[in-house]
Amino acid sequence: MILIITDSIPTPSFKRSGIFGYDDFKFFAENEYDVKMIILFRITYERRFLFDLKNQVNLIRNQIKEIKGLIAKNPNIEFIHYFSLIKPFVFKEDLFLFKKSKFNNQPFDLIIVHSMLHTGLNISWIRKQFPVSKIVLKEHSNWLLYPELVKYFAMKYINKFDKILANSESSKQSFQKIFTDYKNHIKNPLPIIEIDYPKFSINTKKIIKTKSDCLQILTVANLLKEKGFEESFNILKVLEEAKVEWFWTIIGKGIFFNKIIQLASDFNLLQKILILPEIQKPYIFDYMKKSDIYLQLSYTETFGIAPIEAFSYYNKLIVSEHIISIKELGLATNKNILIIKDINNILSQKEYIINFIYEKEFEDDFDKILTELNTKINKVNIFKYILNF
């Protein structure tokens, strides 16, 4: 019997590591495994947004409603929501609410924990409740990005996992560095580490796009500063100076919405930018089919699925070097991808940007390249790693 523990499942307004947890649940269920899932939803209100408390309350209500709607009438999924002002709550063991679970103390052979270090799921409580189970951590972030948490988590929790599945080579390397840096603090035995890329399917069919005098640019991301929206406006400046006609569609929601609108207004570009609230798959692919350039200058990414999806729909990519998926999937030298090495000095790279935009379109055998790429993304049989220790 298998138990999956996660902090969310995908809904229109709420996405985190639970997206992949829910995918695992569906896979096991479809293949007739006896599988259960617990969704832990922490309700908290951030101080910096207390002035906007009404909107926070409404957002949380919608998230709870959406999750309950998706799991309605499925006795194998349990939703536990609770209130906490602690962030991160990995430091507060008594907040972990397995004692309320209807699956508590059942004889699970395997427990899969989907988590990110900075949101934290408390492995100590999991071990206490299910002492004989094998426990796998599927980690969706690079721990080295959270130095204030790493030592504590490494000392207290890391050796309680039987196996860690990292979502990229860089994530795996971060664990190996932690094992070295804190070897005097971590009790043996150390968990086994394997790589498990996020599983997603890309387009593999040939697409012929209608030529237009207006360059269609697309970004799909949460509206956050870390996604590089301010820096992206420098790309737009380059296009403006080169007299390139363009239109930028942004799909996403977030606290940086007003800042993006302000920047667009300051540069007199409001008529050339459209921001749409989050659009779910497969409808989002319709926008990728119509766009020419996918733009994303993130400061950091745990992997980067949307750029690869857009690439498969014959979008040239203009991205920062922090989109890990580009390097992991062997695309860093692809001529249809422009990696901006220094996102703080874009104007000095304007010649490369303009030349890239006007270069020859995708090669005739690009559909074969996509088929190979799709195989690479999904080639690792992660369930073999999980089930066979």
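An account of the accompanying structure is given in this report.

What counts, and where the lines are drawn
Residues numbered from 1 in each chain as written. Predicted model: local features only at pLDDT ≥ 70, side-chain atom pairs only at ≥ 80, totals over all residues. Heavy atoms only, no water. Helix = DSSP H or I, 4+ residues; strand = E, 2+ residues; numbered from the N terminus. Buried < 20%, exposed > 50% of the residue type's maximum accessible area, 1.4 Å probe, protein only. Contact = heavy atoms within 4.5 Å. Areas by Shrake-Rupley, 256 points an atom, 1.4 Å probe, with all protein chains shown as cover. 1 Å grid on protein atoms, 1.4 Å probe; cavity = no way out; pocket = protein on both sides within 12 Å on 5 of 7 lines; lining within 4 Å. Points joined across faces, edges and corners; volume = space filled by probe spheres on them. Nonpolar A, V, L, I, M, F, W, Y, C, P; charged D, E, K, R; others polar. Salt bridge = Lys/Arg side-chain N within 4 Å of Asp/Glu carboxyl O. Axes fitted to C-alpha atoms, helices over the stretch in contact; angles between N-to-C directions. Parallel < 35°, antiparallel > 145°, perpendicular 65-115°, else oblique. Left-handed = near helix turned anticlockwise from the far one by under 90°. Polar contact = N/O pair within 3.5 Å; in protein donor to acceptor, adjacent residues only side chain to side chain. Arc of directions from axis to C-beta. Core = buried A, V, L, I, M, F, W, Y, C linked by side-chain atoms within 4.5 Å. Pairing = 2+ DSSP bridges. Phe/Tyr/Trp six-rings, centres within 6.5 Å; stacked < 30°, edge-to-face > 60°. Lys NZ or Arg CZ within 6 Å of the ring centre and 35° of its normal. Patch = residues over 30% accessible without salt bridge, like charges linked within 9 Å, V, L, I, M, F, W, Y side chains within 5 Å.

In this section: the overall build of the protein chain. Within the protein chain, the regular secondary structure consists of 13 helices and 13 strands. In the protein chain, which comprises 389 residues, the share counted as buried stands at 52%. For the protein chain, the share of sequence-separated contacts (at least 6 apart) that also reach a separation of at least 24 residues comes to 73%. Counting every atom, the protein chain has about 19,300 Å² of accessible surface; 52% of that belongs to carbon and sulfur.

Bringing the layout of surface pockets into the picture now. Quantified by volume, the second largest pocket comes out at close to 590 Å³. Considered class by class, the residues forming the lining of the second largest pocket number 11 nonpolar, two polar and 11 charged.

What follows covers the pattern of salt bridges. Should their charged atoms come close, side chains of opposite charge can pair. This structure, assessed with the given rule, holds eight salt bridges. One salt bridge in this structure joins K227 and E301, with 2.6 Å as the shortest N-O distance. Here K227, found in the loop between β8 (215–220) and α6 (229–241), pairs with E301, found in the loop between β11 (293–296) and α9 (305–312); they are 74 residues apart in sequence, far enough to count as distant. A relative accessible area of 12% places E301 in the buried class. Note that E240 is salt-bridged to K272, the shortest N-O span being 2.7 Å. With E240 in helix α6 and K272 in the loop between α7 (257–266) and β10 (273–276), this residue pair connects regions lying 32 residues apart in the sequence.

Right, let's get into the packing of α6 against α7. Working note: a packed helix pair is described by the angle between its axes plus the distance between those axes. Their axes nearest at 10 Å, the elements α6 and α7 cross at an angle of 25°. One finds that α6 runs roughly parallel with respect to α7. In this structure, α6 crosses over α7, and the sense of that crossing is right-handed. Where α6 abuts α7, its residues F229, E230 and F233 lie against K259, I260, L263 and A264.

This brings us to the side chain of E301. A polar contact is formed between the side chain of E301 and the side chain of Q296, at a distance of 3.0 Å. Looking at E301, its side chain comes within polar contact range of the side chain of S298, at 2.9 Å. E301 has contacts with K227, Q296, H322, I323 and I324, leaving out every residue within four places of it along the chain.

So, on to helix α4 (residues 147–156). Taken together, the buried positions of α4 are L149, V150, F153 and A154. An end-on view of α4 places all buried positions within 125° of arc, on one side of the element. Contact partners of the buried residues in α4: α5 (169–181).

We now examine the nonpolar core. Among soluble globular proteins, nonpolar side chains are generally buried collectively. Grouped together as the largest cluster of nonpolar side chains are 35 residues, with contacts concentrated most on I308 and I326. Of all the elements, α9 adds the most residues to this core, at five residues. Those residues in contact with I308 that lie beyond four places of it in its chain are F200, I202, S325, I326, L329, L331, L373 and I377. Counting 33 residues, the second largest nonpolar core, distinct from the first, contains I250, I260, I293 and I343.

Residue N268 is not a glycine yet carries a positive backbone phi of 60°. Structurally, the position occupied by N268 is in the loop between α7 and β10. The residue Y314 is not glycine, and still its phi comes out positive at about 60°. On the secondary structure map, Y314 appears in the loop between α9 and β12 (316–320).

Right, let's talk about α7 for a bit. Among all positions of α7, only I260, L263 and A264 are buried. One side of α7 carries all its buried residues, which in axial view fall inside an arc of 100°. Pointing more than 90 degrees away from the buried face of α7 are the exposed residues N258 and D266. Where α7 is buried, its residues contact α6, β9 (246–251) and β10. Of the residues one or two after α7, N268 is the one with positive phi, at around 60°.

Below, the discussion takes up the sheet that holds β12. Taken together, the six strands give an open sheet; going across it, the order is β10-β9-β8-β11-β12-β13, and neighbouring strands pair in parallel fashion. Sheet topology places β10 and β13 (337–340) at the edges, where each strand pairs with a single neighbour. Across the sheet, the mean angle from the axis of one strand to that of its neighbour is 20°, orientation sign disregarded. Packing of α9 onto the sheet brings it into contact with β8, β11, β12 and β13, and relative to β11 it is tilted by some 170°.

Taken as a whole and judged by the stated rule, the model has 10 aromatic pairs. The rings of F229, F233, W248 and F267 are connected pair by pair, giving a single aromatic cluster. When the ring centre of F356 is taken as origin, the NZ or CZ atom of K316, which lies over that ring, is 5.1 Å away.

A contiguous nonpolar surface patch, about 230 Å² in accessible area, is contributed by F257, I261 and L270. Mapped onto the elements, F257 comes out in helix α7.

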